[in-house]
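# Chain and residue survey
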Amino acid sequence: MKVTRATFDEVMVPNYNPAGMIPVKGEGSRVWDQDGAEYIDFAGGIAVNVLGHCHPELVNALNEQGSKLWHLSNVFTNEPALRLASKLTEATFAERVYFANSGAEANEAALKLARRYALENFGEHKSQIIAFNKGFHGRTFFTVTVGGQAAYSDGFGPKPGAVDHCDYNDLAAFEALISDNTCAVMMEPLQGEGGIISPEPEFVARVRELCNQHNALLIFDEVQTGVGRTGHLYAYMGLEVTPDILTSAKALGGGFPIGAMLTTAKIAEHLKPGTHGSTYGGNPLACAVAERALDIVNNPEVLEGVVKKEQMFRDYLAEINNKYKVFSEIRGKGLLLGCVLNDDYQGRARDFLVASADEHLMCLVAGTNVVRFAPSLIIPEEDIKEGLVRFERAIASIVNQK
Ligand SMILES: *Cc1c(COP(=O)(O)O)cnc(C)c1O
């Protein structure tokens, strides 16, 4: 059966507008389309493919588990899930793990747990959830409501209540919102979708302090920042602030769908049997692949490699920008980088993405003013260089047509 991009418009719900070409094969940080054309991948499946495409060890883990046991449901537990949970608790502050299938589901679990914890410990008045403008937490109705982007949350009727927002890094606004009625604060330890915005260390430290003062739980959404992305296994480790609940997904499965919510034993207690669940959560295939991905990423060589590769990107991007003067700043951390367009190119991030695709480079945007890179954490130096040569050509084409 022959399928093309036109097929998409005939059979798919039009909530996406994918690129014209259809990728069919990937290896490392290179991808090939239906016509055999090759692309360099700086998008990483939106910060998912931490080990590139079809990493041999992940393929092995998948094949091995694939001939053993695919699915059980949570009527039974399974070895890969138990091993992965053991490794996650060993590597982090957490003592308990809940598995889901996506970032949104992990966040949904975190929010439900926080509400239950507050209700059972303090009573009904303690239901307020504070989150941040431009934040992103997924697309279920609860998580999209907690996310700080009206474009994603509006137009679906009445929303879940008791959710308030203020600006990220705005301490005064946050202090004005939090009180003993606050159940939880949900934040990304570096805003991804919102434009690659780093938190100020004093801001995060003070948020933690105020959460303690008001018995509110601090939830870090590390769906995009987790599993090596910033050069730390989890971004909180570089901020010296420990959350009460942490969510992980995207990179966790290296491309296989999985999500996880991590927390302490004391908080986890409140999700007693029957209070929450998922048919596929903790699926053996997903956990087997994630276990292998975590083994590979959680090692100093890979994590230090992220810092080195970040510098390579920054050095070369600075050179390009000296020539073309399109960016006001390169921001972000590790291999989650944002090229911020200057005043001359406001609102045109998508043009840069399209021009890059024309030069056979896959990249991302974060809002309308930031071109985002989230490549494999083990992208080879020559692919970084070649990708940035293509990026430079894309920039030249835009600058020249101006
Ligand atoms: C992508 C993302 C999510 C949503 O994850 P899904 O797997 O798409 O549900 C949630 N939070 C953050 C910070 C993300 O980047």
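Bear in mind that the values here come from a model prediction, so they are computed numbers and not experimental data.

This next bit is on the UniProt feature "binding site: N(2)-acetyl-L-ornithine" (unreviewed entry) in the protein chain. According to UniProt, the feature "binding site: N(2)-acetyl-L-ornithine" (unreviewed entry) maps to R139 and S278 in the numbering used here. Inspection of the secondary structure puts R139 in the loop between strand 5 (128-132) and helix 6 (141-146). Judged by relative accessible area, which is 55%, R139 ranks as exposed. Beyond its immediate stretch of four places on either side in the chain, R139 contacts A104, V144 and Y152. Looking at the secondary structure, you find S278 in the loop between helix 11 (265-268) and helix 12 (284-297). Since its relative accessible area comes to 17%, S278 is described here as buried. Beyond its immediate chain neighbours, meaning those up to four positions away, S278 contacts N74, Y98, N101 and E105.

Attention now moves to the side chain of D221. You can see D221 is positioned in strand 8 (residues 217-221). Buried D221, no salt bridge; nearest opposite-charge side chain is K250, N-O distance 7.2 Å. Polar contacts involving the side chain of D221 include one to the side chain of H137, which spans 2.8 Å. Each residue touching D221, except ones within four places of it in the same chain, is listed here: N107, F136, H137, M187, E188, P189 and T247.

It is worth spelling out the UniProt feature "modified residue: N6-(pyridoxal phosphate)lysine" (unreviewed entry) in the protein chain at this point. Here, UniProt's "modified residue: N6-(pyridoxal phosphate)lysine" (unreviewed entry) annotation points to K250. One can find K250 in the loop between strand 9 (245-248) and strand 10 (259-263). With near-sequence residues (within four places) excluded, K250 lies in contact with I46, A47, V48, E193, V223, Q224 and I258.

When the domains of the protein chain are assigned, the result is domain 1 (5-55 + 300-401) and domain 2 (57-297). For domain 1 and domain 2, the distance between their C-alpha centres works out to 26 Å. Taken together, the 27 residues of domain 1 in the interface contact 27 residues of domain 2. Interface of domain 1 and domain 2: buried area, both sides summed, is about 2,200 Å²; carbon and sulfur atoms make up 62% of it. A salt bridge links E193 to R372; the nearest nitrogen and oxygen atoms lie 2.9 Å apart. Where domain 1 packs against domain 2, one counts 11 residue pairs in polar contact (both at pLDDT 80 or more). Looking at the side of domain 1 that touches domain 2, the elements with two or more residues in it are helix 2 (44-47), helix 13 (300-324), strand 11 (327-333), strand 12 (336-341) and strand 15 (370-373). The element that contributes the greatest number of residues to the side of domain 1 that touches domain 2 is helix 13, accounting for 4 residues. In terms of residue class, the side of domain 1 that touches domain 2 is built from 18 nonpolar, 6 polar and 3 charged.

To continue, consider helix 9 (residues 201-213). The end-to-end C-alpha distance of helix 9 is 18 Å, a good match for the 18 Å that 13 residues give at a rise of 1.5 Å each. Turning to helix 9, its buried residues number three or more, namely F203, V204, V207, R208, L210 and C211. Seen along its axis, helix 9 keeps its buried residues to an arc of 170°; they face one direction. Of the exposed residues in helix 9, those oriented more than 90 degrees away from the buried face are E202 and Q213.

Between helix 14 (residues 349-358) and helix 15 (residues 381-401), the least distance of the axes is 8 Å, while the angle of their chain directions is 125°. By the angle class used here, helix 14 and helix 15 are oblique. Where helix 14 crosses over helix 15, the handedness of that crossing is right-handed. Residues D351, F352, A355 and S356 of helix 14 form the contact with helix 15, whose own contacting residues are F391, A394, I395, S397 and I398.

The 4 strands lie next to each other as 1-2-3-13, forming an open sheet whose pairing is mixed. Unpaired on one side and paired on the other, strand 1 (23-27) and strand 13 (361-362) mark the two borders of the sheet. Note: strand 1 against strand 2 (residues 30-33), 4 bridges, orientation antiparallel. Its bridge partner being in strand 2, E27 is matched across the sheet by R30. The strands touched by helix 15 are strand 2, strand 3 (38-41) and strand 13; relative to strand 3, the strand with the most contacts, the crossing angle is about 105°.

Attention now goes to the packing of aromatic side chains. With the rule as written, the count across this model stands at 15 aromatic pairs. One aromatic cluster is present, formed by F42, F313, F327, Y345, F352, F373 and F391 through successive ring pairs. Across from the ring centre of W32, 5.0 Å away, lies the NZ or CZ of K25, which sits over that ring.

Cut-offs and rules
Residues numbered from 1 in each chain as written. Predicted model: local features only at pLDDT ≥ 70, side-chain atom pairs only at ≥ 80, totals over all residues. Heavy atoms only, no water. UniProt positions renumbered as here; feature names shortened; annotations may be inferred. Helix = DSSP H or I, 4+ residues; strand = E, 2+ residues; numbered from the N terminus. Buried < 20%, exposed > 50% of the residue type's maximum accessible area, 1.4 Å probe, protein only. Contact = heavy atoms within 4.5 Å. Lys, Arg positive; Asp, Glu negative; His and termini not counted. Salt bridge = Lys/Arg side-chain N within 4 Å of Asp/Glu carboxyl O. Polar contact = N/O pair within 3.5 Å; in protein donor to acceptor, adjacent residues only side chain to side chain. Domains from an automatic or database assignment. Buried area = accessible area lost by both parts, 1.4 Å probe. Nonpolar A, V, L, I, M, F, W, Y, C, P; charged D, E, K, R; others polar. Expected span 1.5 Å × (residues − 1). Arc of directions from axis to C-beta. Axes fitted to C-alpha atoms, helices over the stretch in contact; angles between N-to-C directions. Parallel < 35°, antiparallel > 145°, perpendicular 65-115°, else oblique. Left-handed = near helix turned anticlockwise from the far one by under 90°. Pairing = 2+ DSSP bridges. Phe/Tyr/Trp six-rings, centres within 6.5 Å; stacked < 30°, edge-to-face > 60°. Lys NZ or Arg CZ within 6 Å of the ring centre and 35° of its normal.

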